Amino acid sequence: MQGKLKLSLCAALLGGSAWAAPAHYPSSYQNLETAAAKEGKLIIYSATDSAIARPLLKDFQSLYPAVKVEYHDMNTTEIYNRFISENAANSASADLVWSSAMDLQVKLVNDGYAASYASPETPNLPKWAHYQQQAYATTYEPVAIVYNKRLLKPEEIPQTRADLIRILKANPSRFKGKVTTYDIERSGVGFNFLTQDYRYSQQGVWDLVRALGRSGVKLQTSTGAMMERISSGENLIGYNILGSYAFAKAKKDPSIGYVYPKDYTQVASRLAIVSKKAKNPNAARLWLDYLLSKRGQDILANQADLFSLRADVAGPATLSALNQQLGSSIKPIQIGPGLLVYLDQAKRLDFMRNWQQALKN
């Protein structure tokens with residue numbers, strides 16, 4: 001009788017029927033759920049487009065209707081700058097930051113902005129998928145070359161970075177102003193991807209950037225902007241675009257094609273951190289655990305198309321499917337202090353100077 005009363009009280013506090021937490025969660029988890037319901041709010045700063053995150057948000061709200069989610073969709077650099085500025089001013093800010101700019105997320109951890117939390121989902125994640133129990137990987141997303149299927153000839157579809165350079169050089173007038181990539185000066189995720197490229201081939205990166213510069217590359221701050229321009233035919237090819245967005249859009253838009261480069265395919269992850277100054281820390285932990293849970297990861301992979309990192313989630317947008325498809329060409333971006341190398345001010349400025357010079361040839 002006492003157990004039923006306790007469950008009924010928890011359900012009432014949650015504003016509806018409580019989620020039956022997975023069996024491996026500790027019995028004390030109900031206390032976290034109750035505390036989150038009392039907080040009644042969750043503020044998320046995210047680089048994941050609202051439309052893509054909608055299935056996750058809808059399901060989370062069905063489980064925890066008492067927790068009202070404020071979801072702020074911004075680009076990665078804007079998230080970082082806004083979050084640290086608000087924290088410095090002790091003003092209201094995000095309870096949880098969810099971003100694909102892995103280097104900036106690790107920097108937030110190293111600079112003391114993240115709270116420690118041992119998620120009960122940790123045993124079900126790859127060993128590399130969390131950093132100091134403060135930054136948690138939530139996705140396993142390939143980085144792609146995207147192209148317009150209607151307007152590009154088969155022989156013009158690059159399979160490697162060397163192919164892309166060759167194709168741009170072979171027909172400069174055709175591709176003038178028709179190629180797009182991230183503006184690494186304004187996009188945190190774009191900067192991260194290019195500095196990771198630099199790890200694999202220092203000379204190759206600048207050869208590619210010079211080819212992009214000669215083609216009059218159009219620089220953007222978001223994946224969505226690049227995808228729309230490729231779909232419309234304003235641009236023909238996009239470099240270093242999140243493959244999850246291309247995968248999702250290609251299912252609805254016959255103009256979109258994409259390639260996971262055969263020389264190597266980077267795999268990125270959206271890292272989630274709970275703010276050390278969160279006003280709603282329990283709600284933030286609840287969202288993090290939901291994202292990492294089998295239920296959340298299944299929706300993430302099969303409705304949001306963001307590529308699950310759990311081995312027990314099935315479907316084409318999953319770690320196991322991607323590893324099977326790409327084999328040894330897959331190069332996951334490692335979570336850890338190595339991501340901070342090019343955030344050092346001197347190294348960052350030097351890299352930016354090289355980028356600018358290469359673009360201008």
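An unreviewed UniProt entry annotates the protein as ABC transporter substrate-binding protein originating from Chromobacterium phragmitis.

Quick notes on the pairing of strand 2 (residues 68-73)
Bridge count between strand 1 (residues 41-46) and strand 2: 6 bridges; the pairing is parallel. The partner of Ile-44 across the bridge, within strand 2, is Tyr-71. A crossover connection joins strand 1 to the parallel strand 2 through helix 3 (residues 50-63); in handedness this β-α-β unit is right-handed.

Considering unusual backbone geometry
Phi is positive for Gln-132, close to 55°, though the residue is something other than glycine. Residue Gln-132 is classed as partly exposed on the basis of its relative accessible area of 49%. Of note in the backbone geometry, Asp-305 takes a positive phi value of approximately 60° without being a glycine. Relative to the assigned elements, Asp-305 resides in the loop between helix 13 (294-302) and helix 14 (319-326). Relative accessible area serves as the criterion here: at 7%, Asp-305 is assigned to the buried category.

So, the pattern of salt bridges
For the structure on display, the rule yields 18 salt bridges. Residues Arg-161 and Asp-197 are paired through a salt bridge, measuring 3.7 Å at the closest nitrogen-oxygen approach. Residue Arg-161 is found in helix 6 (residues 161-170), and its partner Asp-197 is found in helix 8 (residues 188-200); the two are separated by 36 residues along the sequence. Each member of the pair Arg-161 and Asp-197 is classed as buried.

Observations concerning helix 15 (residues 345-359)
An α-helical turn contains 3.6 residues, so a residue and the one three or four places further along point in the same direction. Between its terminal C-alpha atoms helix 15 stretches 21 Å, which fits the 21 Å expected from 15 residues at 1.5 Å a residue. Restricting attention to buried positions, one finds in helix 15 the residues Phe-351, Met-352, Trp-355, Ala-358 and Leu-359. End-on, the buried residues of helix 15 take up no more than an arc of 130°, which puts them together on one face. In helix 15, the exposed positions that point more than 90 degrees away from the buried face belong to Gln-345, Ala-346 and Gln-357. Contacts made by the buried residues of helix 15 are with strand 7 (179-182), helix 8, helix 9 (202-214) and strand 8 (218-220).

Quick notes on the domain arrangement of the protein
You can read the domains of the protein as domain 1 (31-138 + 270-317) and domain 2 (141-268 + 342-360). A separation of 28 Å is found between the C-alpha centroids of domain 1 and domain 2. Between domain 1 and domain 2, the residue contacts involve 19 residues of the former and 19 residues of the latter. Where domain 1 abuts domain 2, roughly 1,600 Å² becomes buried across the two surfaces, and 57% of that area is made up of carbon and sulfur atoms. Summed over the shared surface of domain 1 and domain 2, the number is 2 salt bridges. The shortest N-O distance in the salt bridge between Glu-141 and Arg-270 comes to 2.6 Å. The interface formed by domain 1 and domain 2 holds 7 residue pairs in polar contact (both at pLDDT 80 or more) in total. The set of elements that each furnish at least two residues to the side of domain 1 that touches domain 2 consists of helix 4 (76-88) and helix 5 (102-110). If one sorts the elements of the side of domain 1 that touches domain 2 by residue count, helix 5 sits on top with 4 residues. Looking at the side of domain 1 that touches domain 2 residue by residue, the class counts come to 9 nonpolar, 5 polar and 5 charged.

The rules behind each value
- Each chain carries its own residue numbering, running from 1 in the written order of its sequence.
- Where local features are concerned, this predicted model is filtered to residues with pLDDT of at least 70; where side-chain atom pairs are given and counted, the filter is 80 or more; whole-chain, interface and lining totals use all residues.
- As a convention, hydrogens and water are excluded, and side-chain values are obtained from all of the structure's heavy atoms.
- Strands are labelled as partners when DSSP assigns at least two bridges between them.
- By the criteria applied, helices consist of DSSP H or I runs no shorter than four residues and strands consist of E runs no shorter than two, each listed in order from the N terminus.
- The definition of a right-handed crossover adopted here requires that, viewed with the strands pointing away, the path from the first strand over the helix to the second runs clockwise.
- Between buried and exposed lies partly exposed: a residue is buried under 20% and exposed over 50% of the maximum accessible area for its type, with that area taken using a 1.4 Å probe on protein chains only.
- Salt bridges are counted wherever a side-chain nitrogen of Lys or Arg sits within 4 Å of a carboxyl oxygen of Asp or Glu.
- Helices are assigned an expected span. That span is 1.5 Å times one less than the residue count.
- Here, the arc refers to the directions that run from the helix axis to the C-beta atoms.
- Here, two residues are considered to be in contact whenever any of their heavy atoms come within 4.5 Å of each other.
- Residue ranges for the domains trace back to a domain assignment, done automatically or taken from a database.
- In this description, buried area is defined as the sum, over both parts, of the accessible area (probe of 1.4 Å) that is lost when the two are combined.
- A 3.5 Å cut-off defines polar contacts: any pair of N or O atoms within that distance qualifies, except that in protein one atom must be a possible hydrogen donor and the other a possible acceptor, and neighbouring residues in sequence count only when both atoms are side-chain atoms.
- Put simply, Ala, Val, Leu, Ile, Met, Phe, Trp, Tyr, Cys and Pro go in the nonpolar bin, Asp, Glu, Lys and Arg in the charged bin, and everything else, Gly too, in the polar bin.

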